[in-house]
Amino acid sequence: MSELARTGVAYAEVNHGRWIARCPTPYCYNALQIAHGDAELCCRECWQVFPIEWPADPISITRLLAARPNPATRNWLPGETPVDLLNESVAHGIAPAEWQDITDRTLMLRIADELVVGGVAIDGAITAPVYRMLEGP
Ligand SMILES: [Zn+2]
């Protein structure tokens, strides 16, 4: 995580291809599967409710991870960027072989306002607008 974690906030993350949030209550180690757009986590162990902090572009994260054939490798933590995921995939051979030679993979994703809006590494020309539509005003 690039910033300090805030107390009382459940951070969305991807674990084995599922979006989850861990309960932030001290000594409560519960984690629950969440869905895109869920605003709150209601812990079923300590019965407290917390706002969920989502990354700017969860749909692009989901799409980049979906390219990995083994669900156990589909993981993302707050602070990791789409380019970080792309670099990991290329390093593990989960990308076209010719991508190994590209040293600056930031050129493979077009990112605007923290949203992937296109690029050869994702068929995401409509990703950001679709996400904005899902988000609403
Ligand atoms: Zn809890």
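These lines cover the structure that appears in this document, whether it is placed above or below. None of these values were measured; they are calculated from a predicted model.

Reading the values: rules and limits
Residues numbered from 1 in each chain as written. Predicted model: local features only at pLDDT ≥ 70, side-chain atom pairs only at ≥ 80, totals over all residues. Heavy atoms only, no water. Donors = N, O, S within 2.8 Å, 3.2 Å for Na, K, Ca; no water. Tetrahedral: all angles 85-135°; square planar, octahedral: opposite > 155°, others 65-115°. Buried < 20%, exposed > 50% of the residue type's maximum accessible area, 1.4 Å probe, protein only. Helix = DSSP H or I, 4+ residues; strand = E, 2+ residues; numbered from the N terminus.

### Some words on the coordination of the zinc ion
- At this site the zinc ion is bound by Cys23 (SG), Cys28 (SG), Cys43 (SG) and Cys46 (SG), with donor distances of 2.2 to 2.4 Å.
- Here the zinc ion binds four donor atoms, and the angle range of 102 to 121 degrees at the metal identifies the geometry as tetrahedral.
- Counting the intervening residues between successive donors of the zinc ion yields the motif C-x4-C-x14-C-x2-C.
- For Cys28, a relative accessible area of 14% gives the class buried.

### Topic: unusual backbone geometry
- One non-glycine residue, His16, adopts positive backbone phi at about 55 degrees.
- Examined against the element boundaries, His16 turns out to sit in the loop between strand 1 (10-15) and strand 2 (18-22).
- For His16, a relative accessible area of 42% translates into the label partly exposed.
- Although it is not a glycine, Tyr27 sits at a positive phi angle of roughly 70 degrees.
- Its location among the elements puts Tyr27 in the loop between strand 2 and strand 3 (31-33).

Limitation: the analysis is restricted to geometry and does not speak to function.
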